[in-house]
Amino acid sequence: MSRMSSKEIFRSLSPDLVEIVQGLAEEANSRNLRLFLVGGAVRDLLLNRPIMDVDMVLEAPGAAREIVAEVARAACPQNVKIVVHGRFGTVSMESGNGKLDLALARSETYRSPGALPVVEAASLEEDLFRRDFGVNALALELFSSERRAQLEVTDPVGGLRDLDRKQLRILHSESFRDDPTRAFRAARLGPRLGFSLARGTRVALSESIAHGVFSSISGDRIRRELEKVFTDSALGLDPVKALKYLSDWGVLQALDSSLTFSSSARSPIRRLGRAVVNPPWRSSPYRPFVPGLAVWLVDLPSAVRQRVLQRLSVRGETAERIMGFARLRHRRLEGLSKARGRSAVDGVLAGIHEESLYALYAVASSAGRRQIVRWAAEDRVQRVPVTGADLVSLGLEGPALGRVLARIRAGFLDGELLNREEALTLAEELVRRASTRGKTRVRGAKKRSSKRDAE
Ligand code: CTP
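Quick summary incoming for the structure in this document.

Conventions and cut-offs
- Residues numbered from 1 in each chain as written.
- Predicted model: local features only at pLDDT ≥ 70, side-chain atom pairs only at ≥ 80, totals over all residues.
- Heavy atoms only, no water.
- Near = heavy atom within 4 Å.
- Polar contact = N/O pair within 3.5 Å; in protein donor to acceptor, adjacent residues only side chain to side chain.
- Areas by Shrake-Rupley, 256 points an atom, 1.4 Å probe, with all protein chains shown as cover.
- Helix = DSSP H or I, 4+ residues; strand = E, 2+ residues; numbered from the N terminus.
- Nonpolar A, V, L, I, M, F, W, Y, C, P; charged D, E, K, R; others polar.
- Phe/Tyr/Trp six-rings, centres within 6.5 Å; stacked < 30°, edge-to-face > 60°.
- Buried < 20%, exposed > 50% of the residue type's maximum accessible area, 1.4 Å probe, protein only.
- Salt bridge = Lys/Arg side-chain N within 4 Å of Asp/Glu carboxyl O.

Our next topic: the site of the ligand. Looking at the ligand, there are 13 residues lining it, with R43, R131, D132, D179 and R192 nearest. Between an oxygen atom of the ligand and a side-chain N or O atom of D53, the distance comes to 3.2 Å. Between the ligand and the protein, one listed contact pairs an oxygen atom with a side-chain N or O atom of R185 at 3.0 Å. Relative to its unbound accessible area of 560 Å², the ligand is 78% covered by the protein chains. If you list the elements that add at least two residues to the shell around the ligand, you get α3 (40-46) and α8 (182-193). Considering only residue class, the shell around the ligand consists of no nonpolar, three polar and ten charged.

The structure is reproduced here in structure tokens:
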């Protein structure tokens, strides 16, 4: 399909964006500039898939990059949040749930492999030629009114044919040399769309790897790409498929000769992907790539894990968490297998970081996963109706107070205690026993006041 109606396009956009896109088209046309929808949005429109990101391009050869912000400011109503990004003068516009990026049509020249490109304002065609794959090098021109009901897809590189053939094809043989992260993009996009690499593209990737292109890109850039492998689960990508492609294509080995993606990591990683889409418990915010890396690397020798983390510029606490997962897995899974009762599970899992908890969940047996989910969803958030102050008023202090509070919490989790009254009776009993044994520091065991008795 090489034409689309403007109605169809506007129907597919988030309603929050329609007004912005119409405003931009009015503004661009009034200045005799051309405005295009480009990249993934056009690809997804043509494939009848939901549009995730909206990218637009303003064609203004020879113009200064400031023109993008000028057009955006003139076109957008007050409530739209506008952010101008430094290097290329790209402008993000946000309203409600909709987000749109507008950039100047530009050409890019790569001075050395993996380096950031030199950028210049250019024609739309040149802008499309600098892109990663044919299916992402399509554009649709937008007009200020619906005077053109049918819009022609601009396709200078044969992207429509690639859509038909369900393939990802680079646009020139140096593409991976210019930007090696395109290999990661292919590994994510292919499985998401159900597309495979065109033969020539696969050959070009092997040749680029043989020429060592991956040694020239920074750890931060590779890590950001791997982060997306895990966060893209939300868009329906199975991270296992992307990692398997990266392994089959030799990209992982190009990062570190001992880096593999073993079959034992598949089910846990698939589970993590599903957890991104359907969280098994209400979670505090976490970075899915941390449990992802922990689970993926856990069975590799520790020296290899260390090297890989260094290569990906993963440092500090995050690196420690991933390195420490081998030991945590061993100890906590053993603890869970022996834990009888909910308080025992609480004792095993208390204090664990959310990212390690997800990693543990991913590698646990089905019984272990049930224990983890029940603890994370219910028990760890369980509040006991007794406070430290209540225990202080019974004469407890210091570590003894902590022990009694923990005993009360365990009683509630295991269903032995049902209310505050029972908890305070137990606390008194513990205070009495301890003071007769002379172990607990009690400032003169007190009887509960009649006021509390009445509560
Ligand atoms: N692009 C590229 N090379 C890159 C990154 C981006 O050519 N290394 C181009 C592609 O044309 C891509 C567009 O910029 O379509 C927008 O990039 P991005 O938003 O990352 O990807 P989308 O294709 O829009 O994918 P998604 O649906 O995941 O947003």
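Still more to cover.
By the definition in use, this model includes six aromatic pairs. On the numbers, 5.4 Å between centres and 90° between planes, the contact of W281 with Y361 is edge-to-face. A residue pair is termed long-range when its members are at least 10 positions apart, and W281 in the loop between α13 (266-277) and α14 (289-297) and Y361 in helix α18 (residues 354-363) qualify at 80 residues. Each member of the pair, W281 together with Y361, is buried. Ring-pair connections join several aromatic residues into one group, and the members of that group are W281, Y286, Y358 and Y361.

Bringing the pattern of salt bridges into the picture now. Overall, the coordinates contain 40 salt bridges when judged by the stated rule. Taking the shortest distance from any N to any O, the salt bridge between E66 and R65 comes out at 3.9 Å. With a relative accessible area of 46%, E66 lands in the partly exposed category. Here the salt bridges share partners, and the residues they tie into one network are R106, E108, D127, R130 and R131.

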